[in-house]
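Descriptive analysis of the structure
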Amino acid sequence: MLRFLVFIMVLPLYSACSQQAYVETRTPIEPTLTSWEADQPPRGVVLALHSFGDYHAAFDQLRPRFAEAGLLLASALVKLNRLDAADQQIGQMLSRSADPVALRLGYAKLLLDAEANDRAALQLNKVIKAAPDNEDARFALGVLELKRGNLDGAKPQFRALMKSGERRSEAAYYLGRIAQAEAQPAEALKWYEQVNSGNNVV
């Protein structure tokens, strides 16, 4: 009986609502948000989630985070001595990287830390081929070749650094060591006299 009474009371209200004409309201739309600067990361993630339809721009924001995660995975693989898998991981990333030179150089440093010297040298040579002015790659390759006793391989790297100016003192020091190893004391002295900064100042 109670349900029936409730139904009788509600029915007129329902009928009145159903007879009212539908009136469309046109509320002005707020200006579309096109950019946003977050105070702290992950700005790229937020921009990706609110990409405003520009998915390419959103992906570009996330690229550095993908590279960082990929290097961490490659580092784990290198430490497990799964070097082929690490090479494959980096190879996949290089095709999508916004900065393949930096990515390859980072991977080379991982290989150097693991003393995977042949693979490190391969990566460093590729960096230098793509970016001949990359001093970090030239210096790392020069030291690596010197460590392996390949004086002819080390010498051109340090000579190139002598022209750039940024790492002249370090390059001069190692060129002096090479000259000493080749029993050329006068040549070694010439290079050592150009070492004027850093820990190797004579």
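In case you missed it, the structure is sitting above this.
Here the structure is a predicted model, which means the values were calculated and not measured.

1. With respect to the packing of helix α7 (residues 135–147) against helix α8 (residues 151–164)
- Packing of α7 against α8 leaves a shortest axis separation of 8 Å and a crossing angle of 150°. As far as their axial angle goes, α8 and α7 are roughly antiparallel. The two elements α7 and α8 cross, and the hand of that crossing is left-handed. Between α7 and α8, the residues in contact are Glu135, Arg138, Phe139, Leu141, Gly142, Val143, Glu145 and Leu146 and Leu151, Gly153, Ala154, Gln157, Phe158, Ala160, Leu161 and Ser164, respectively.

2. Let's talk about helix α4 (residues 83–94)
- With twelve residues, α4 should reach 16 Å at 1.5 Å per residue; the first-to-last C-alpha distance of 16 Å fits that figure.
- All buried positions along α4 are accounted for by Leu83, Ala86, Gln89, Ile90, Met93 and Leu94. The buried residues of α4 occupy an angular sector of 135° when the element is viewed end-on, so they sit on one face. In α4, the exposed positions angled more than 90 degrees off the buried face are occupied by Asp84 and Gln88.

3. A look at the packing of aromatic side chains
- Scanning the model with the defined rule gives five aromatic pairs in all.
- Judged by centre distance (6.2 Å) and plane angle (75°), the rings of Phe139 and Phe158 are edge-to-face. One end of the pair, Phe139, is in helix α7; the other, Phe158, is in helix α8, with 19 residues separating them in the sequence.
- Here Phe139 falls in the buried class, since its relative accessible area comes to 14%.
- Here the aromatic rings of Tyr173 and Tyr174 are separated by 5.1 Å at their centres, their planes lie at 75°, and the arrangement is edge-to-face. For the pair Tyr173 and Tyr174, a shared accessibility class is recorded, and that class is buried.
- Feature note: the residues Phe139, Phe158, Tyr173, Tyr174 and Tyr192 constitute an aromatic cluster, connected by ring pairs.
- For the cation-ring pair, Arg167 lies above Phe139, with the distance from its terminal atom to the ring centre recorded as 3.9 Å.
- The ring of Trp191 is capped by Lys190, whose NZ or CZ atom sits 4.6 Å from the centre of that ring.

4. Side note on the pattern of salt bridges
- Counted by the stated rule, this structure contains eight salt bridges.
- Note that Arg167 is salt-bridged to Asp136, the shortest N-O span being 3.1 Å. Placement of the pair is Arg167 in the loop between α8 and α9 (168–181) and Asp136 in helix α7, with a sequence separation of 31 residues.
- Take Arg167: its relative accessible area is 17%, and that puts it in the buried class.
- The salt bridge partner of Lys155 is Glu182, with a shortest N-O separation of 3.0 Å. With Lys155 in helix α8 and Glu182 in the loop between α9 and α10 (185–192), this residue pair connects regions lying 27 residues apart in the sequence.
- You can call Glu182 partly exposed: its relative accessible area is 25%.

5. Description of the packing of helix α5 (residues 100–113) against helix α6 (residues 117–130)
- Their axes nearest at 8 Å, the elements α5 and α6 cross at an angle of 160°. In terms of orientation, α5 lies roughly antiparallel with respect to α6. Where α5 crosses over α6, the handedness of that crossing is left-handed. Contacts between α5 and α6 pair Val101, Arg104, Leu105, Tyr107, Ala108, Leu111 and Leu112 from the former with Asn117, Arg119, Ala120, Gln123, Leu124, Lys126, Val127 and Ala130 from the latter.
- Here the residues of the contact of α5 with α6 are counted per class, giving ten nonpolar, two polar and three charged.

Rules used throughout
Residues numbered from 1 in each chain as written. Predicted model: local features only at pLDDT ≥ 70, side-chain atom pairs only at ≥ 80, totals over all residues. Heavy atoms only, no water. Axes fitted to C-alpha atoms, helices over the stretch in contact; angles between N-to-C directions. Helix = DSSP H or I, 4+ residues; strand = E, 2+ residues; numbered from the N terminus. Parallel < 35°, antiparallel > 145°, perpendicular 65-115°, else oblique. Left-handed = near helix turned anticlockwise from the far one by under 90°. Contact = heavy atoms within 4.5 Å. Expected span 1.5 Å × (residues − 1). Buried < 20%, exposed > 50% of the residue type's maximum accessible area, 1.4 Å probe, protein only. Arc of directions from axis to C-beta. Phe/Tyr/Trp six-rings, centres within 6.5 Å; stacked < 30°, edge-to-face > 60°. Lys NZ or Arg CZ within 6 Å of the ring centre and 35° of its normal. Salt bridge = Lys/Arg side-chain N within 4 Å of Asp/Glu carboxyl O. Nonpolar A, V, L, I, M, F, W, Y, C, P; charged D, E, K, R; others polar.

Worth remembering: the numbers are spatial, not functional.
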